[in-house]
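# Observations on the three-dimensional arrangement
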Amino acid sequence: CNNDGNSNILNILYSGQKKWARGKTPEEATKYLKKFLEDEKKALLDSLSDEFISTENESGEELRYLKNGHSPEILNKLKKGYWITQKSIDLHGLVSEEAKSYIVNFISDCKKKKVRCVKIIHGKGLRSYNKEPVLRNKVKNWLIQKEEVIAYVEAPRHDGGSGAVLVLLKEY
């Protein structure tokens, strides 16, 4: 979520642990590493399909999802605020591809920082072309495809209601 890419690249370059960086100038190694990181981001984005249809533990109109093998009690705890929402993102105004990229980067960042509970504000679609919640449905399907996601529920009314989801991520 932050633009700390260059400092991360420099940390990797000067850690001395990467054999491929030996013998290269810092500029060559930086260029190589930036390309590598771009390719990794693209692979993560490509791993999420917009055509994905889940048959796994979804329920009705309200956004609720629980990965197989987990206690249904997780959904109730998540809805009631058992876990503190540690980070959130707002997708208002983003087109589908931007939103997907943002979510992939956000979840990756949360995993690195050991964040467990997040809020994703996707909006209600009131200002979209057909007044339909395009991002709502896409976010739902993208989250189901993410290995890191254990569960999600529609946010309580005071926290965004049908325009947001609370997401519980795996513990790392």
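Further up the page is the structure itself.
All of these numbers come straight from a predicted model, not from anything done at the bench. For every chain, the first residue of the written sequence is number 1, and numbering continues from 1 along that sequence. Under the rules for a predicted model, residues below a pLDDT of 70 receive no local features and side-chain atom pairs below 80 are neither given nor counted, while totals for whole chains, interfaces and linings still include all residues. To obtain the side-chain values, all non-hydrogen atoms of the structure were included, while hydrogens and water were left out.

## What to know about the overall build of the chain
- Working definition: helices are DSSP H or I runs of at least four residues, strands are E runs of at least two. Numbering for both runs from the N terminus. Along the chain, the regular secondary structure elements total five helices and five strands.
- The helix and strand sequence of the chain, counted from the amino end, reads α-α-β-α-β-α-β-α-β-β.
- The buried label applies to any residue whose accessible area, calculated with a 1.4 Å probe on protein chains only, is under 20% of its type's maximum; exposed applies above 50%, and partly exposed to all values in between. Evaluated residue by residue, the chain yields a buried proportion of 37% over its 172 residues.
- Residue contacts are counted whenever heavy atoms from the two residues lie within 4.5 Å of one another. Contacts in the chain between residues far apart in sequence, at least 24 positions, make up 62% of those at least 6 positions apart.
- Accessible areas in this description were obtained via Shrake-Rupley with a 1.4 Å probe; residue shielding takes into account the shown protein chains only. Accessible area for the chain stands at about 10700 Å²; split by element, carbon and sulfur atoms hold 50% of it.

## Things to note about the packing of aromatic side chains
- Stacked, tilted and edge-to-face are the three classes assigned to paired rings of Phe, Tyr and Trp, where Trp is represented by its six-membered ring and a pair needs centres within 6.5 Å; plane angles under 30 degrees give stacked, over 60 edge-to-face, the rest tilted. Overall, the coordinates contain two aromatic pairs when judged by the stated rule.
- Each ring, one from Tyr 82 and one from Trp 83, has its centre 4.9 Å from the other, and the planes form 80 degrees; the classification is edge-to-face.

## Some words on the sheet that holds strand β1 (residues 64-66)
- One bridge is not enough; two strands pair if DSSP finds at least two bridges between them. A sheet is described by the order of its strands in space; here five strands give the open sequence β1-β4-β5-β3-β2, paired in mixed fashion. Two strands bound the open sheet, and with one partner strand each, they are β1 and β2 (87-90). Sheet twist, expressed as the mean angle between neighbouring strand axes with direction ignored, is 20 degrees.
- Contacts from helix α4 (residues 96-112) reach β2, β3 (117-121), β4 (149-154) and β5 (164-169), with the element oriented near 170 degrees to β2.
- Helix axes use the C-alpha atoms of the stretch in contact, all axes being lines fitted to C-alpha atoms, and the angles between their N-to-C directions lie in the range 0 to 180 degrees. Across the sheet, helix α5 (residues 134-145) touches β1, β3, β4 and β5, and the angle it forms with β4 is around 155 degrees.

## Here's the deal with empty space enclosed by the protein
- The rule is simple: put a 1 Å grid over the protein atoms alone, call a set of points where a 1.4 Å probe fits but cannot get out a cavity, call an open set with protein on both sides within 12 Å along at least five of seven lines a pocket, and count a residue as lining if it has an atom within 4 Å of a point. Grid points are joined across faces, edges and corners, and a volume is the space filled by probe spheres set on the points. For the structure shown, the criterion picks out one cavity of 30 Å³ or more.
- Each pocket or cavity is described by its volume, and for the largest cavity that value is around 40 Å³.
- We call Asp, Glu, Lys and Arg charged. Ala, Val, Leu, Ile, Met, Phe, Trp, Tyr, Cys and Pro are nonpolar, and the rest, Gly among them, are polar. Classifying every residue of the lining of the largest cavity by side-chain character gives four nonpolar, no polar and six charged.

## Here's the deal with α4
- When the terminal C-alpha atoms of α4 are compared, their 24 Å separation across 17 residues agrees well with the 24 Å that a helix rising 1.5 Å per residue should span.
- Those residues of α4 not exposed but buried are Ser 96, Ala 99, Lys 100, Ile 103, Val 104, Phe 106, Ile 107, Asp 109 and Cys 110.
- Looking one or two residues beyond α4, the residue adopting positive phi is Lys 114, at roughly 60 degrees. A helix is expected to span 1.5 Å multiplied by its residue count minus one.

## Observations regarding the pairing of β5
- With six of its six residues buried, β5 lies for the most part within the structure.
- By the alternation rule, side chains of β5 split into Ala 164, Leu 166 and Leu 168 and Val 165, Val 167 and Leu 169, which are all buried.
- As paired elements, β3 and β5 share five bridges and run antiparallel to each other. Looking across to β5, one finds that Val 118 is bridged to Val 167.
- The sheet contact formed by β4 and β5 spans five bridges and is antiparallel. When the sheet's bridge partners are listed, Tyr 152 is paired in β5 with Val 167.

## Notes on the pairing of β3
- The buried count for β3 comes to five of five residues, which makes it a mostly enclosed element.
- Sheet analysis places β2 next to β3, joined by four bridges and oriented parallel. Bridge pairing links Asp 90 to Ile 121 in β3.
- A crossover links β2 with its parallel partner β3, the connecting element being α4, and its sense is right-handed. Seen with its strands pointing away from the viewer, a crossover is right-handed if its path from the first strand over the helix to the second goes clockwise.

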